[in-house]
Amino acid sequence: MGGIPDPTVEQKRHSPKRNDTQERTQNTGMATQPLHEDMEQVLFSADQIQERITTLGAEIARDYAEKEPHLITILKGSIPFIADLMRAMDVPMTLDVLGVSSYAGTQSSGEVRLTKDLDDAIEGRHVVVIEDIIDTGLTLSYVLRNLRQRMPASVKVVTFLDKPSGRGTQIEADYVGFTIPGGFVVGYGLDWNQRYRNLPYVGILKREVYAGPF
Ligand code: PRP
C-alpha cells in the first residue's frame, strides 16, 4: 500500500494511498484549507447528483413494484448515496449494510475481505447491491460471489459512479448514476486517504494534493 500515484499510469484505485512525507495532507488533526480548494474540477454538482438520483430511484422503484427490494449497501463510500437513493424510492423496502475492505496500493490485483457481515439472511429475497463506484470491479466481484452463495431470489447492482476505464474484470452494474473518465474522484462518499467524503459534490482532486508541488 502507499506510494505516490502516477496519473500517467492507469491506477487500480480511485482513492490511492497518500504519500506519508507530505505534511500538507498528514492526518494531524489540525484544520487546513477548505476542501474545495483541493479540487481541480467539479464533475457533478450537488444539484446534478440529486436530479440524477431522483430519476434513478424512480426507475428502480418502478422495476421493483411487484417485489420488495432488499437493499445492501457497501460501506463506507456508499453512505451518502444510499441515504439519498432510498428516499427517492417510493416502495416498501428493507436495508442492510455490508462492510468490505479492499486494498492493493496501485497494483491491479487486490485483496478484498469482509469487515462487517449482514445482519439478516437473504435467502429468497430480491437483493439490490448499492455501491458508490465500480472501478476495477474486484470489490463487486467478491461481494456478488459472497452474496450468491446465500441463495437470494435475485441480485441486481446499483452504482453511483461507473469507471469503465479502470475495469480489470468483466462486471457491469444494472443501474448507473454517472459514467466517469479516469482521474481521482472524491466527494459524496468517495475518499482519498479517508478524506473528502463529506463534499456534497463529486470532484477531481488536484494533482499536487497527492503528489506534492513540482
Ligand atoms: C471503494 C468503493 C468500492 C470499491 C470500488 O471502496 O467504495 O467498494 O472501492 O473499487 P474496485 O472496483 O476497484 O474494487 P474502498 O475499499 O476504497 O472502501 P470505502 O468504500 O470505505 O472507501
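Our subject in this report is the structure included herewith.

Conventions and cut-offs
- Along each chain, residue indices are assigned from 1 in the same order as the chain's sequence is written.
- Thresholds applied to this predicted model are a pLDDT of at least 70 for local features of residues and 80 or more for the giving and counting of side-chain atom pairs; totals over whole chains, interfaces and linings are not thresholded and use all residues.
- For the purposes of this entry, the term helix denotes a DSSP run of H or I that reaches at least four residues, the term strand denotes a run of E that reaches at least two, and both are numbered from the N terminus.
- By definition, residue pairs are in contact when their C-beta atoms, positioned from the backbone, come within 7 Å.
- Remark: C-beta atoms are placed from the backbone, and a residue is labelled buried if 20 or more other C-beta atoms sit within 10 Å of its own, exposed if 12 or fewer do, or partly exposed between those counts.
- The pairing criterion for strands is at least two bridges between them, as found by DSSP.
- If you view a crossover with the strands going away from you and the path from the first strand over the helix to the second runs clockwise, you call it right-handed.
- Near, for a residue, is defined by distance from a backbone-placed C-beta atom to a molecule or strand, with 6 Å as the limit that must not be exceeded.
- Each residue is assigned to one of three groups, with Ala, Val, Leu, Ile, Met, Phe, Trp, Tyr, Cys and Pro labelled nonpolar, Asp, Glu, Lys and Arg labelled charged, and all others, Gly among them, labelled polar.
- Throughout this description, the term nonpolar core refers to a group of buried Ala, Val, Leu, Ile, Met, Phe, Trp, Tyr and Cys residues whose C-beta atoms join them within 7 Å.

### Topic: the overall build of the chain
From N to C terminus, the chain includes four helices and nine strands. What you see in the chain, going N to C, is helices and strands ordered as β-α-β-α-β-β-β-α-β-β-β-β-α. Intrachain contacts of the chain at a sequence separation of at least 6 include 70% that bridge at least 24 residues.

### Brief notes about the pairing of strand β5 (residues 126-134)
In terms of burial, β5 is a largely internal element, eight of the nine residues being buried. Bridging between strand β2 (residues 69-75) and β5 involves five bridges; their strand directions are parallel. Note that in β5 the partner of His-70 across the bridge is Val-127. As paired elements, β5 and strand β6 (residues 154-162) share eight bridges and run parallel to each other. Across the sheet, residue Glu-131 finds its bridge partner in β6, namely Thr-159. With helix α3 (residues 138-148) bridging β5 and the parallel β6, this β-α-β connection has right-handed handedness.

### Section: the site of the ligand
In the vicinity of the ligand lie 19 residues, with Lys-76, Gly-77, Asp-135, Thr-136 and Thr-139 positioned nearest. Among the residues making up the shell around the ligand, the classes are represented as six nonpolar, seven polar and six charged.

### What about the sheet that holds strand β8 (residues 185-186)?
One open sheet accounts for three strands, arranged β1-β9-β8; its pairing is antiparallel. Single-partner strands in this sheet number two, and they are β1 (39-44) and β8. Of the strand pairs in this sheet, β8 and strand β9 (residues 202-205) are connected by two bridges, and their pairing is antiparallel. Paired with Val-186 across the two strands is Gly-203, which belongs to β9.

### Comments concerning the nonpolar core
In this structure, Leu-85, Val-129, Ile-130, Val-185, Val-186 and Leu-205 are the most contacted members of the largest nonpolar core, which totals 42 residues. At six residues, the largest contribution of residues to this core is made by β5. Not counting residues up to four positions away in its chain, the partners in contact with Leu-205 are Asp-38, Met-39, Glu-40, Phe-184, Val-186, Trp-192 and Tyr-210.

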